[in-house]
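# Architecture at a glance
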Amino acid sequence: MASEQQTSQDGGGVATAEQAQDTLTVTDNRTGRSYELEITDGTVRGMDLRQIKVSEDDFGLMSYDPAFTNTASCRSAITYIDGETGILQHRGYPIEQLCEQSSYVEVAYLLVFGELPTKAQLDRWVYDITHHTYVHENIKKFVEGFRYDAHPMGMLLASVGALSTFYPDAKQIDDPEERYMAAIRMIAKMPTLAAFAYRHNLGLPYIYPDNDLSYSENFLSMLYKMTAVKYEPDPRLARALDVLFILHADHEQNCSTNAVRSVGSSQVDPYSAVAAGVAALYGPLHGGANEAVLRMLRRIEKPENIPDFLEGVKKREERLMGFGHRVYKNYDPRARIIKKHVDEVLEATGDNPLLDIAVELEKRALDDEYFTERKLYPNVDFYSGLIYEALRIPADMFTVIFAIPRTSGWVAQWMELNEDSEQKIARPRQIYTGERDRDYVAIGDREGPEKITGPPARRPPRPRRGA
Ligand code: SDX
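Residues numbered from 1 in each chain as written. Predicted model: local features only at pLDDT ≥ 70, side-chain atom pairs only at ≥ 80, totals over all residues. Heavy atoms only, no water.

### Some remarks on the overall build of the chain
For the record, the criterion: By definition, any uninterrupted DSSP run of H or I lasting at least four residues is a helix, any uninterrupted run of E lasting at least two residues is a strand, and each is numbered from the N terminus. A 1.4 Å probe rolled over the protein chains alone gives each residue an accessible area, and that area as a share of the maximum for its type sets the label: buried under 20%, exposed over 50%, partly exposed in between. Whether two residues touch is decided by their heavy atoms; if any such pair falls within 4.5 Å, the residues are in contact. Reported accessibility uses the Shrake-Rupley method at a 1.4 Å probe radius. Residues are deemed covered only where the shown protein chains occlude them.
Each helix and strand in the chain was counted, giving 17 helices and six strands. C-alpha extents for the chain along the principal axes are approximately 80 × 65 × 55 Å. Residues counted as buried form 45% of the 467 residues belonging to the chain. A sequence separation of at least 24 residues applies to 71% of the contacts in the chain between residues at least 6 apart. With the model as given, the accessible surface of the chain reaches about 25500 Å², and the carbon-plus-sulfur share is 52%.

See below:
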């Protein structure tokens, strides 16, 4: 808690070592009063600001942080990121070691339960996931209702939300068995829903899960199996996909995870909370960036067009998709790992001229101070699309592929939210900038255009005070 104290107007000097405490002393120059705010884990509690008032009936201070650029919304033990040095660890294990030695389903277990599983635990986890890959047959009818060219992320978004209607008991979010089953069902069924969306776009019959295959092999089978009795996945491609699944599994409080936590804080069922995550991931600034990178590389078309393209970025005519990150102000460690796998996959599937453009584009951007000054480096989305393309996955399926593994991260974060006694329903405050106390005006007395020539113009936001 903060404590209010009267200090002399001249404030204090720098505290000596023995005086140094984990507190922040702030002086409100409007009143001359000083307050001592506790510093815990590098943060001050927002609510400690509320007692800084100019009068008894003053609401008190709030912090203003649009897009939460400097606000910790929770305590979490799942993923650690050091953006300055490019470190990513899940439950303390470096992403590089997990990609080298683990599998996606094992990493999903690690994210959810916090420890690497024993063989018995992993066998049971894999058995449960494998035996929940089917979806209710009604889902097929549901998917049939979409246009043939519906974006697969829109279909996935709707299908995940619809799952909540098939498992009404998932509303009992405090029941550990229901929570476990919801985790298993979402991790297991996401590839099936994704593959159904893909097959619907192509007008192909749905392929049912094959329990003899691994998680990634089964997904390739549901995407590509045609007349063969059994789909024979290329182990190199299945492994590359599994590594991509590991790399996309969780990433602390990103936009979509924040959406899952915010919606989940209302105590809605986990399927509806994860559907909110799918919706957030759909955006081009987030999970939709991998699809946007491929379209950008195709638009650049050849390496000699790169200088003009980068000039356009600097003139803010467009963004260098796949570059930049809210947290990483260094090379995204995932991009480094993916780039290594691109070479291996293209060895199996044949060269892709877009890779030459991507490599040259990265080189020129990293030689250009416009990008290095802004600490813009390749992120997870810059190279991943090249692997998906090599796997013959169409660009509008890229974000769907991102959503599949991120489901284990969303589920782990949702569980942590529900076990955190400090959490309650998310309900931020605001700075009100609108009108006050206006009297109603009868329609005949209102001013405005007699003739409507298009959508009404939105009133411009009021300039910020001091802007
Ligand atoms: C993911 O959060 C996560 O962890 C996300 C993710 C995950 O695993 O969940 O890592 C996955 O979403 C990766 C990011 C994928 N998005 C893209 O690649 C889209 C392109 N990148 C950006 O739009 C942008 O970099 C963001 C959205 C990723 C981050 O934006 P920020 O932190 O809000 O940064 P900003 O927009 O304030 O940019 C700071 C400056 C600005 O320049 P100035 O106005 O200060 O002059 O950098 C510029 C921006 O204009 N800038 C870019 C740029 N990204 C930022 N300029 C050109 N191209 C870009 N890509």
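### Concerning a nonpolar patch on the surface
This is how it is decided: Residues qualify for a patch when their relative accessible area is over 30% and they have no salt bridge, like charges being joined within 9 Å and the nonpolar side chains of Val, Leu, Ile, Met, Phe, Trp and Tyr within 5 Å. Any Lys or Arg side-chain nitrogen located within 4 Å of an Asp or Glu carboxyl oxygen qualifies as a salt bridge.
Taken together, Leu 24, Ile 39 and Val 44 make up a surface patch of nonpolar side chains, about 200 Å² in accessible area. Taking relative accessible area as the criterion, Leu 24 reaches 36% and is therefore assigned partly exposed.

### Side note on the packing of helix α6 (residues 176-202) against helix α7 (residues 215-224)
Going by this rule: Helix axes are fitted only over the stretch in contact, all axes being lines through C-alpha atoms; the angle between N-to-C directions runs from 0 to 180 degrees. Orientation categories follow fixed angle ranges, with anything under 35 degrees roughly parallel, anything over 145 roughly antiparallel, 65 to 115 roughly perpendicular, and all other angles oblique. Crossing handedness is read from the near helix: turned anticlockwise from the far helix by less than a right angle, it gives a left-handed crossing, and turned clockwise, a right-handed one. When residues are sorted by character, Ala, Val, Leu, Ile, Met, Phe, Trp, Tyr, Cys and Pro go into the nonpolar class, Asp, Glu, Lys and Arg into the charged class, and all the rest, Gly among them, into the polar class.
Put simply, α6 and α7 touch, their axes get as near as 8 Å, and they point 20° apart. As the angle between them shows, α6 and α7 are arranged roughly parallel. Crossing hand, α6 versus α7: right-handed. Between α6 and α7, the contacting residues are Ile 187, Pro 191, Thr 192, Ala 194, Ala 195, Tyr 198 and Arg 199 on the first element and Tyr 215, Phe 219, Met 222, Leu 223 and Tyr 224 on the second. A per-class count over the contact of α6 with α7 returns 10 nonpolar, one polar and one charged.

### Describing the state of the cysteines
Selection criterion: Any pair of cysteine sulfurs within 2.5 Å is marked as a disulfide.
What the rule picks out here adds up to zero disulfides. No disulfide involves Cys 74; its sulfur sits 14 Å from the nearest other cysteine sulfur, which is in Cys 255. Relative accessible area serves as the criterion here: at 47%, Cys 255 is assigned to the partly exposed category.

### Digging into the side chain of Ser 216
With respect to the helices and strands, Ser 216 occurs in helix α7. Once residues within four sequence positions are removed from consideration, Ser 216 is found in contact with Ala 238, Leu 241, Asp 242 and Phe 245.

### Considering the site of the ligand
Here is the rule we go by: A single heavy atom is enough: if one lies within 4 Å of a molecule or strand, its residue is considered near that molecule or strand. Two N or O atoms form a polar contact when they lie within 3.5 Å of each other; inside protein one atom must be a possible hydrogen donor and the other a possible acceptor, and for residues adjacent in sequence the pair counts only when both atoms belong to side chains.
In the neighbourhood of the ligand, 22 residues make up the surrounding shell, with His 251, Arg 316, Arg 319, His 325 and Arg 334 lying closest. Interatomic distance of 2.4 Å between a side-chain N/O atom of Arg 316 and an oxygen atom of the ligand. A total of 1100 Å² of accessible area belongs to the ligand in isolation, and the protein chains cover 77% of it.

### Topic: unusual backbone geometry
Its identity is not glycine, yet Ala 67 carries a phi of approximately 65°, on the positive side. Classification of Ala 67 by relative accessible area gives exposed; the value is 52%. One non-glycine residue, Phe 68, lies in positive phi territory at about 55°. Mapping Phe 68 onto the fold places it in the loop between β3 (33-38) and β4 (79-82). Classification of Phe 68 as partly exposed rests on a relative accessible area of 46%.

### A look at the sheet that holds strand β5 (residues 87-90)
The line we're drawing: Between any two strands, pairing holds if DSSP finds at least two bridges.
Spatially, β4-β5-β6 is the arrangement adopted by the three strands of the open sheet, whose pairing is antiparallel. Across the chains shown, the open sheet's two edge strands, defined by having one partner strand only, are β4 and β6 (93-94).

### Quick word on the pattern of salt bridges
Here the idea is simple: oppositely charged side chains can pair when their charged atoms come close. Evaluation of the coordinates by the stated rule reveals 27 salt bridges. Note that Asp 242 and Arg 239 form a salt bridge whose closest N and O atoms lie 3.7 Å from each other. Placement of the pair is Asp 242 and Arg 239 together in helix α8 (residues 235-247), with a separation of three residues, close to one helical turn. By relative accessible area, Arg 239 is classed as partly exposed at 30%. A salt bridge links Glu 318 to Arg 299, with the nearest nitrogen and oxygen atoms 2.9 Å apart. With Glu 318 in the loop between α12 (306-314) and α13 (333-349) and Arg 299 in helix α11 (residues 289-300), the pair connects residues that are 19 residues apart, well separated along the chain. With a relative accessible area of 26%, Glu 318 lands in the partly exposed category.

### Notes on the nonpolar core
For clarity, the threshold we go by: Among buried residues, the Ala, Val, Leu, Ile, Met, Phe, Trp, Tyr and Cys ones that are joined through side-chain atoms within 4.5 Å form a nonpolar core.
If you look at the biggest cluster of nonpolar residues, it comprises 119 residues, and the most contacted ones within it are Trp 125, Met 296, Leu 320 and Leu 361. It is α6 that provides the largest number of residues to this core, a total of 13 residues. Leave out the neighbours within four places in its chain, and Trp 125 touches Val 105, Ala 108, Tyr 109, Val 112, Phe 113, Tyr 180, Ile 184 and Ile 187.

### Describing the packing of aromatic side chains
Rules: Two rings from Phe, Tyr or Trp (for Trp, the six-membered ring) form a pair when their centres sit within 6.5 Å of each other. Planes less than 30 degrees apart are called stacked, planes more than 60 degrees apart edge-to-face, and all others tilted. Only Lys NZ and Arg CZ are tested; either one counts as a charge over a ring when it is within 6 Å of the ring centre and within 35 degrees of the ring normal.
Going through the model one piece at a time under the given rule, you end up with 18 aromatic pairs. Seen in terms of ring centroids, Phe 113 and Tyr 180 are 6.3 Å apart; in terms of plane orientation they differ by 40°. Their pairing is tilted. A residue pair is termed long-range when its members are at least 10 positions apart, and Phe 113 in helix α2 (residues 104-113) and Tyr 180 in helix α6 qualify at 67 residues. In this structure Phe 113 comes out as partly exposed when scored by relative accessible area, which is 39%. The interplanar angle of 85° and the centroid separation of 4.9 Å between the aromatic rings of Phe 382 and Tyr 383 together place this pair among those described as edge-to-face. Residue class for Phe 382 comes out buried when judged on its relative accessible area of 0%. Within the aromatic cluster, the residues linked to one another by ring pairs are Tyr 104, Tyr 215, Phe 219 and Phe 245. The ring centre of Phe 59 lies 3.7 Å from the NZ or CZ of Arg 50, which sits over that ring. The positively charged end of Arg 374 is found above the aromatic ring belonging to Tyr 370, 3.8 Å away from the centroid.

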